[in-house]
Amino acid sequence: MAISLSVVLLLLIVLVVMIRGGSIKAGPAVVAALFGFFLASSGVGPTINKILSDIASSISKISF
C-alpha cells in the first residue's frame, strides 16, 4: 500500500508540473487519468500491479 501511495503521489506531482509547464494541457491529462482509472478496473489491472510490485521489490534489493 505504501508503494502504491508513493507512486500515485509521484505521478500526481509529475502531472501538475507538466500541466503548469505547458507540456500537457488539462484535457489530455484528464483523459490519461481516466484511462488509467479504467485500465486499473479492467482484467489487466492486477497484472500491471504485480509487475510494478516486482519491479519495486527488485529495485529495493539493490545495494550500493
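Scroll up for the structure.
In this text, all values refer to a predicted model and were calculated from it rather than measured experimentally.

> Please clarify how the overall build of the protein chain should be interpreted in this entry.
Check the secondary structure of the protein chain and you find three helices and zero strands. Seen in sequence order, the protein chain has helices and strands lined up from the N terminus as α-α-α. Relative to its length of 64 residues, the protein chain is extended, with a C-alpha radius of gyration of 14 Å against a globular reference of 11 Å. Seen through its principal axes, the protein chain has C-alpha atoms that stretch 40 × 35 × 15 Å. Across the 64 residues in the protein chain, those meeting the buried criterion constitute 5%. Only carbon and sulfur atoms are counted for the fraction: they give 77% of the accessible area of the protein chain, which is about 5,400 Å².

> Looking at this structure, how should I read the pattern of salt bridges?
Any two side chains of opposite charge can pair, so long as their charged atoms come close to each other. The final tally for this structure, using the stated rule, is one salt bridge. For Lys50, the salt bridge identified is with Asp54, shortest N-O distance 3.0 Å. Taken together, the positions of Lys50 and Asp54, both in helix α3 (residues 45–60) and four residues apart, correspond to about one turn of that helix. Classification of Lys50 by relative accessible area gives exposed; the value is 51%.

Rules and cut-offs
Residues numbered from 1 in each chain as written. Predicted model: local features only at pLDDT ≥ 70, side-chain atom pairs only at ≥ 80, totals over all residues. Heavy atoms only, no water. Helix = DSSP H or I, 4+ residues; strand = E, 2+ residues; numbered from the N terminus. Rg over C-alpha atoms; globule rule 2.2 N^0.38 Å. Buried < 20%, exposed > 50% of the residue type's maximum accessible area, 1.4 Å probe, protein only. Areas by Shrake-Rupley, 256 points an atom, 1.4 Å probe, with all protein chains shown as cover. Salt bridge = Lys/Arg side-chain N within 4 Å of Asp/Glu carboxyl O.

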